[in-house]
Amino acid sequence: MDIRKLVSQMTLEEKAGMLNGRDFWHLKGVERLGIPPVMVTDGPHGLRKQVAQADHLGINASVPATAFPTAAALACSFDRELVGEVGQALGDLCQQEDVAVILGPGANIKRSPLCGRNFEYFSEDPYLAGEIAAAHIRGVQSRNVGTSLKHFAMNNQETRRMTVDVTCDERAKREIYLAAFERAVRKGKPWTVMCSYNKIDGVYSSENAWLLRDVLRGEWGFDGYTMTDWGACNDHVRGVAAGLNLAMPSLGDAADAEVVRAVREGRLSEQVVDDAVAEVLDVVFRYAEHRRKDPDFSLGAQHHLARKVARECAVLLKNDGTLPLSSNRKIAFIGAFAAAPRYQGGGSSHINAYEVTPALEAVRSVAQVSYAQGYAADANDADAKLLGEAVALASVSDVAVVFAGLPDSFESEGFDRTHLRMPDCQNELIEALCAVNDHVVVVLHNGAPVEMPWADKVSAILEMYLGGQAVGGAAVDLLFGAVSPSGKLAETFPLRLEDNPSYLNFPGDGDRVTYAEGVYVGYRWYDARRMPVRFPFGHGLSYTTFAYGNLRLSADTLMQDGELEVSVDVTNTGRFGAKEIAQLYVHSAHAGVSRPEQELKGFEKVYLAPGETRTVTFRLCSRDFAYYNTDIHDWYAEGGAYELRVGASSRDIRLTAAVELAPGKPLPVHVTLDSTFADIRKIPGGEKVYGPVLGDVFKAFGLMDNAAMGGGAAAMAESLLTGTPLHSMKSYTDGRLTDEMLVEMVRQLNDMQK
Ligand code: BGC
């Protein structure tokens, strides 16, 4: 399809129409030119195609589809291939239902565990979030269906999400919040990106030329179209001028007319409109030209896939050996979620699952269990009768498996949580069960971390998250050891909410929120503060044990444009075939800027039979050592020594190795009269310029005569001088150093670095 030719055949009115939806879920088509009115819809954990009444809150019914594990669970698989398989299944559903773009995945960072929508996001870590998002995107798009990476950007809370203005320093933006999107865009190449509702530094995302043009297209090479989140359009013409392609849902005909008028009055360039339309049409035809009306898949097979995926995502947080269960013991299943699991979150991602497997049903083919409801699913307060029945049952059972977590009313799109507690009735139930039974196993269904006051009393905790429609079957598979748990946490579980770095600045004051914690998000904060946590990032147990050995590097020194291979041998030292997720963290020993203690830069998941050893290999490049330098507004990898840490979690590092990064281009020092001696001293060859000019200053500080001053005094003089700005140096030379001399020196120092 010759897109440019097509655009040249369109009237200005038709072009304006392509930048504004037709209705709730469709773009406009232009029949006379063969442009089809394609559909876009939610996502992202299944397909939410509404056939009758449209809404973006997941209220009205949609076609039956598979509900896969939610993003919060998916990330815990640390498995790019598996997430790709989910993407392919979603793509198949879209082809079958004639959906051109599925809205998602969400790559927003879990800044606070309180965000009501965290179940739709992957991680507190941008590398993991970006890798998993890219895998999801590649999977869907391999079926010639587009994705819409969302919510771009800095949408990290639900409170006042449509108006809140986010203030965040440049490093945190780049290293944390944008980094996840950057990785997803560069590696996944999404066909579309969805702008978030909120403002960033006072500008709505959908009107943010820096975000949409400079960063997304200019730096990251995005070549699809951007659309607003549903209703996120503020000023359409301003948005289009800033690089927005499509307003959704439709703003009505008046918006088309407004774009036409803006072009006619010279307020909006027609070239900008043409480019924006071409970007939309390019994506429309990527889909339209590859329609597969009857893709080869069955919902039954997708249900099996959903069960497999849920198994791979579950995280065994604690186990004293009670798991796996033996089916000939007297086992009680307790809790409303055993009979009706909470397997997905509320809001726009809500899927009309065509089949749901509760654990109580799945267990029938494995073991005989007795059941007590224990609590009312949607209540906070305990029900004495339900509680009593459950305790009575637990007291005559060998093992009590309690299915607990968060009900819908506790977390959802649209609002944030205010605390991390589970309902009182569930906490009370678990405590009461522990009082009568020594083998209490807790299975959790929740979209985000909860406080676990009973954690030390129970025998085992299996975190299933919101694990999709087959989660009950997956839980049974894991509980009885059909497979070993192998997921690891994609986020930290703090001991208490107050420990979280965003605690004092979430959700902000009115329409302002300041990300005062900077780059210290998630484990970056807990590690820097050496704080105890309930369960650390990357943590997850198994029914077997693994040994790590023979850590080796392909070279001792990594060149700035080179690649380093880091290999480690992982051995299954137990008796259970299982998968391990080996993680690689980079620790920077440099003091140039404040940096996190360690950052995840690689992970690999491998299956190992008992006794088997396999080599896991990670690949690093200088960007994996870089921080975002706010002087040059670019990534900068300081040369020098780094430590590579390989382990089973962020707090279970098994092996370390030193590596040297070759020096990069020296950072230019932007010299002004406010620059200190320490600053200008960094300029290679600079002493030739400043030496002759500052001679009197050095004398004044006694630096010409160091020996006479003795160690301490000399060190003090030196430190005083290094902190002295150029404009103050005049004061120490009896007027011999003049403004003119300093200004000329500043000019020369800047020039010599060009
Ligand atoms: C959500 C998006 C969703 C859209 C369409 C919005 O409220 O923020 O994630 O894709 O609605 O349902």
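Each chain carries its own residue numbering, running from 1 in the written order of its sequence. Per-residue local features of the predicted model are confined to residues with pLDDT of at least 70, and side-chain atom pairs are confined, for both listing and counting, to 80 or more; whole-chain, interface and lining totals are unaffected and use all residues. In computing side-chain values, all of the structure's heavy atoms are included and hydrogens and water are not.

**Looking at the overall build of the protein**
Rules: Put simply, DSSP marks the helices as runs of H or I at least four residues long and the strands as runs of E at least two long, and each gets a number from the N terminus on. C-alpha atoms define the radius of gyration, and 2.2 Å times the number of residues to the power 0.38 defines the globule rule. Three exposure classes are used, based on accessible area relative to the maximum for each residue type with a 1.4 Å probe and protein chains only: buried under 20%, partly exposed in between, and exposed over 50%. Should any heavy atoms of two residues lie within 4.5 Å, those residues are counted as being in contact. Accessibility throughout is a Shrake-Rupley quantity obtained with a 1.4 Å probe, and a residue counts as covered only by protein chains that appear here. Residues scored as charged are limited to Lys and Arg (positive) and Asp and Glu (negative), so that His and the chain ends carry no count. Charge positions come from single atoms, namely NZ of Lys, CZ of Arg, CG of Asp or CD of Glu.
Within the protein, the secondary structure is distributed over 24 helices and 25 strands. Here the C-alpha radius of gyration of the protein, 29 Å, is about what a compact globule of 754 residues would show, namely 27 Å. Its C-alpha atoms give the protein principal-axis dimensions of about 95 × 75 × 50 Å. Within the protein, the proportion of its 754 residues that are buried is 60%. A fraction of 76% describes how many contacts in the protein between residues 6 or more apart in sequence connect residues 24 or more apart. A total of about 27600 Å² of accessible surface is found on the protein, and carbon and sulfur atoms cover 50% of it. The average position of the 75 basic charges and that of the 98 acidic charges among the side chains of the protein differ by 2 Å.

**Re the state of the cysteines**
The criterion, for reference: Here, two cysteine sulfur atoms that lie within 2.5 Å of each other are counted as a disulfide.
For the structure on display, the rule yields 0 disulfides. The cysteine Cys 195 is free of any disulfide, with Cys 233 supplying the nearest cysteine sulfur at 9.3 Å. Under the relative-accessibility criterion, Cys 195 is labelled buried at 0%.

**Details of the site of the ligand**
Selection rule: We call a residue near a molecule or strand as soon as one heavy atom of that residue lies within 4 Å of the molecule or strand. For the purposes of these results, a polar contact is taken to be a pair of N or O atoms within 3.5 Å, where, inside protein, one atom must be able to donate a hydrogen and its partner to accept one; residues adjacent in sequence count only when each atom of the pair is a side-chain atom. Asp, Glu, Lys and Arg are counted as charged, while Ala, Val, Leu, Ile, Met, Phe, Trp, Tyr, Cys and Pro are counted as nonpolar; the rest, among them Gly, fall into the polar class.
Within the structure, the ligand sits among 15 residues, and Asp 42, Arg 117, Lys 150, His 151 and Asp 229 are positioned closest to it. Contacts to the ligand include Arg 48, whose side-chain N or O atom sits 3.4 Å from an oxygen atom. In the model, an oxygen atom of the ligand is placed 2.7 Å from a nitrogen or oxygen of the Arg 117 side chain. Here the ligand, which alone exposes 310 Å², has 100% of that area covered by the protein. Taken together, the residues of the shell around the ligand sort by class into 5 nonpolar, 3 polar and 7 charged.

**What to know about the sheet that holds strand S3 (residues 146-152)**
To be explicit about the condition: A pair of strands is treated as paired once DSSP finds two or more bridges between them. Here, axes are lines fitted to C-alpha atoms. For helices the fit covers the stretch in contact, and angles between N-to-C directions go from 0 to 180 degrees.
Spatial ordering of the open sheet is given by S1-S2-S3-S5-S8, a layout of 5 strands whose pairing is parallel. Looking at which strands have only one partner, the edges of the open sheet turn out to be strand S1 (40-42) and strand S8 (225-228). The sheet shows a mean angle of 30° between the axes of neighbouring strands, taken without regard to direction. Here 3 bridges tie S3 to strand S5 (residues 192-195), and the two strands are oriented parallel to one another. Following the sheet pairing, Leu 149 is matched in S5 by Val 193.

**Description of the packing of helix H14 (residues 384-395) against helix H15 (residues 424-436)**
Rule in force here: Any angle from 65 to 115 degrees is called roughly perpendicular, while one under 35 is roughly parallel, one over 145 is roughly antiparallel, and all others are oblique. Working rule for handedness: look at the near helix, and if it is turned counterclockwise from the far one by less than a right angle, call the crossing left-handed; if clockwise, right-handed.
Their axes nearest at 9 Å, the elements H14 and H15 cross at an angle of 30°. Viewed along their axes, H14 and H15 adopt a mutual orientation that is roughly parallel. The interaxial crossing formed by H14 with H15 has right-handed handedness. For the pair formed by H14 and H15, the contact residues are Leu 387, Ala 390, Val 391, Ala 394 and Ser 395 on the first element and Glu 428, Leu 429, Ala 432, Leu 433 and Val 436 on the second. Taken together, the residues of the contact of H14 with H15 break down into 8 nonpolar, 1 polar and 1 charged.

**Let's talk about the packing of aromatic side chains**
Stated formally: Here is the rule: rings of Phe, Tyr and Trp (six-membered ring for Trp) pair when centre to centre is within 6.5 Å. Planes less than 30 degrees apart are stacked, more than 60 are edge-to-face, and the remainder are tilted.
For the structure on display, the rule yields 19 aromatic pairs. With centroids separated by 5.6 Å and ring planes inclined at 35°, the aromatic side chains of Trp 25 and Trp 230 adopt a geometry described as tilted. Separated by 205 residues along the polypeptide, Trp 25 in the loop between helix H2 (12-18) and S1 and Trp 230 in the loop between S8 and helix H8 (236-242) bring together distant segments of the chain. Judged by relative accessible area, which is 4%, Trp 25 ranks as buried. Note on Trp 230: relative accessible area 4%, which makes it buried. Considering the side-chain rings of Phe 493 and Phe 535, the 6.4 Å spacing of their centres and the 65° angle between planes classify their relative orientation as edge-to-face. On the criterion of sequence distance, the pair formed by Phe 493 in the loop between helix H16 (471-479) and strand S15 (512-514) and Phe 535 in the loop between helix H17 (523-528) and strand S16 (546-553) is long-range, its members being 42 residues apart. Overall, the relative accessible area of 0% leaves Phe 493 in the buried class. Ring-pair connections join several aromatic residues into one group, and the members of that group are Phe 24, Trp 25 and Trp 230.

**Some points on the packing of helix H6 (residues 170-188) against helix H7 (residues 209-219)**
Helices that pack against each other are described as a pair by the angle of their axes relative to one another and the distance between those axes. Packing of H6 against H7 leaves a shortest axis separation of 11 Å and a crossing angle of 55°. With respect to H7, the axis of H6 lies oblique. In terms of crossing hand, the pair formed by H6 and H7 is right-handed. On H7, the residues touching Lys 173, Arg 174, Leu 178, Val 185 and Arg 186 of H6 are Trp 210, Leu 211, Val 215, Leu 216 and Glu 219. Here the residues of the contact of H6 with H7 sort into 6 nonpolar, no polar and 4 charged.

**Notes on unusual backbone geometry**
Residue Pro 44 is bonded to the preceding Gly 43 through a cis peptide linkage, with omega at -5°. By the element assignment, Pro 44 lies in the loop between S1 and helix H3 (71-76). Here the bond from Lys 150 into His 151 is cis, since omega is -10°, no more than 30 degrees from zero. Following the sequence through the fold, His 151 ends up in strand S3. Unlike most non-glycine residues, Phe 78 shows phi in positive territory, near 45°.

**What about the environment of Arg 48?**
Tracing the chain through its elements places Arg 48 in the loop between S1 and H3. With relative accessibility at 0%, the residue Arg 48 sits in the buried group. Between the alpha carbons of Arg 48 and Ala 713 there is a distance of 73 Å; along the sequence they are 665 residues apart. Residue contacts for Arg 48: discarding those within four places in its chain leaves Trp 25, Thr 41, Asp 42, Gly 43, Asp 55, His 56, Leu 57, Gly 58, Ser 62, Ser 348, His 350 and Ile 351.

**What about the nonpolar core?**
What counts is decided by this rule: For the purposes of this section, nonpolar cores are sets of buried Ala, Val, Leu, Ile, Met, Phe, Trp, Tyr and Cys residues that join through side-chain atoms within 4.5 Å.
Of all hydrophobic cores here, the largest spans 189 residues; its most connected members are Phe 152, Phe 333, Ile 334, Val 401, Phe 403, Met 452 and Leu 479. Top contributing element to this core by residue count: helix H10 (residues 270-288), with 10 residues.

**Observations concerning the domain arrangement of the protein**
Here is the rule we go by: Where each domain starts and ends follows an automatic or database-derived domain assignment. Accessible surface is computed with a 1.4 Å probe, and the buried area is the amount of it that two parts give up when combined, taken over both parts together. The term salt bridge refers to a side-chain nitrogen of Lys or Arg lying within 4 Å of a carboxyl oxygen of Asp or Glu.
We note that the domain assignment places domain 1 (3-288), domain 2 (307-491), domain 3 (546-661) and domain 4 (677-751) within the protein. Facing 47 residues of domain 1, the contacting portion of domain 2 comprises 42 residues. Summed over both partners, the interface of domain 1 with domain 2 comes to about 3200 Å²; 59% of that surface belongs to carbon and sulfur atoms. Looking at the side of domain 1 facing domain 2, the largest losses of area belong to Cys 76, Leu 114 and Phe 119, adding up to 19% of the total buried there. Put simply, domain 1 and domain 2 have 4 salt bridges between them. As a salt-bridge pair, Arg 117 and Glu 413 come within 3.2 Å of each other at their nearest N and O atoms. Between the two partners, domain 1 and domain 2, sit 20 residue pairs in polar contact (both at pLDDT 80 or more). Mapped onto the side of domain 1 that touches domain 2, the elements with two or more residues apiece are H3 and helix H4 (80-97). Broken down by element, the side of domain 1 that touches domain 2 gets its largest block of residues, 5 residues, from H3.

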